[in-house]
Amino acid sequence: SGDTLFALDAREGSERWRFGTRGAVSGGVAVVDGTVYAGPRDGNVYALDAATGDERWRFEIGGWAQGSPAVTDSVVFVGANDGYLYAIGIDGDEPDGRWRFRTGGSVIASPAATGDHVFVASTSGNVFAILPDDGEIVWQFDTETEAEIHGGPAVADEWLYFGDTDGTVYAI
């Protein structure tokens, strides 16, 4: 159902575990090093054991997530409908809110993270490159239209690709 995360056996399709949340799970998940990261529409980001579904931790954010989290070695990045991109440190026993970045519109899309930057798009029609360590803005690209950005940016060969609701695809 909408407020439950399921893990299925990839070969057989049988249920391995389920985890209930307090809100719909409308975005995807990220799985890194045996941990499932999810941000359902209940104002939390969850870290679950990929083998058992047991909750490792949860971290409250100011809104609810719609896209999939992006994960680096020590940080989970997740955007929310409150207009912020959140950076949650995961290098200790408990999650730690490192910073949040205001985008000027809801963050519907999944962020993209590289070693040097995290990229986030917003319904404000802007895409931002942010330093992952401190949340400082490196640059901002404004589509200069009334169109919103609902899809997550993709990074390939030093190019950033994204589209807007007017149907324009950008490569910057």
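Residues numbered from 1 in each chain as written. Predicted model: local features only at pLDDT ≥ 70, side-chain atom pairs only at ≥ 80, totals over all residues. Heavy atoms only, no water.

Caption draft 1: Representation of unusual backbone geometry in the model. The backbone phi angle of D33 is positive, close to 50°, even though this residue is not glycine. The backbone of D157 sits at a positive phi, close to 50°, despite the residue not being glycine. Along the chain, D157 falls in the loop between strand 15 (154-156) and strand 16 (159-163). (Helix = DSSP H or I, 4+ residues; strand = E, 2+ residues; numbered from the N terminus.)

Caption draft 2: Molecular detail of the side chain of D42. Looking at the secondary structure, you find D42 in the loop between strand 4 (35-38) and strand 5 (44-49). Here D42 is buried and forms no salt bridge, its nearest opposite-charge partner R22 lying at an N-O distance of 4.4 Å. At 3.0 Å, the side chain of D42 and the backbone nitrogen of N44 are in polar contact. Once you skip the residues sitting within four places of it in the chain, D42 turns out to touch T21, R22, G23 and W64. (Buried < 20%, exposed > 50% of the residue type's maximum accessible area, 1.4 Å probe, protein only. Lys, Arg positive; Asp, Glu negative; His and termini not counted. Salt bridge = Lys/Arg side-chain N within 4 Å of Asp/Glu carboxyl O. Polar contact = N/O pair within 3.5 Å; in protein donor to acceptor, adjacent residues only side chain to side chain. Contact = heavy atoms within 4.5 Å.)

Caption draft 3: Structural view of the sheet that holds strand 7 (residues 70-71). Across the sheet, four strands lie side by side as 7-8-9-10; this open sheet has antiparallel pairing. Looking at the sheet topology across the chains shown, the edges are occupied by strand 7 and strand 10 (96-102). Direction of pairing for strand 7 relative to strand 8 (residues 75-79): antiparallel, over a ladder of two bridges. Counterpart to V71 in the pairing with strand 8 is V76. (Pairing = 2+ DSSP bridges.)

Caption draft 4: Representation of a nonpolar patch on the surface within the structure. Taken together, the side chains of L131, V138, W139 and I172 make up a nonpolar region of the molecular surface, amounting to roughly 280 Å² of accessible area. For V138, a relative accessible area of 40% corresponds to the partly exposed category. (Patch = residues over 30% accessible without salt bridge, like charges linked within 9 Å, V, L, I, M, F, W, Y side chains within 5 Å. Areas by Shrake-Rupley, 256 points an atom, 1.4 Å probe, with all protein chains shown as cover.)

Note that every value here comes from positions in space, so none of it alone points to a role or purpose.
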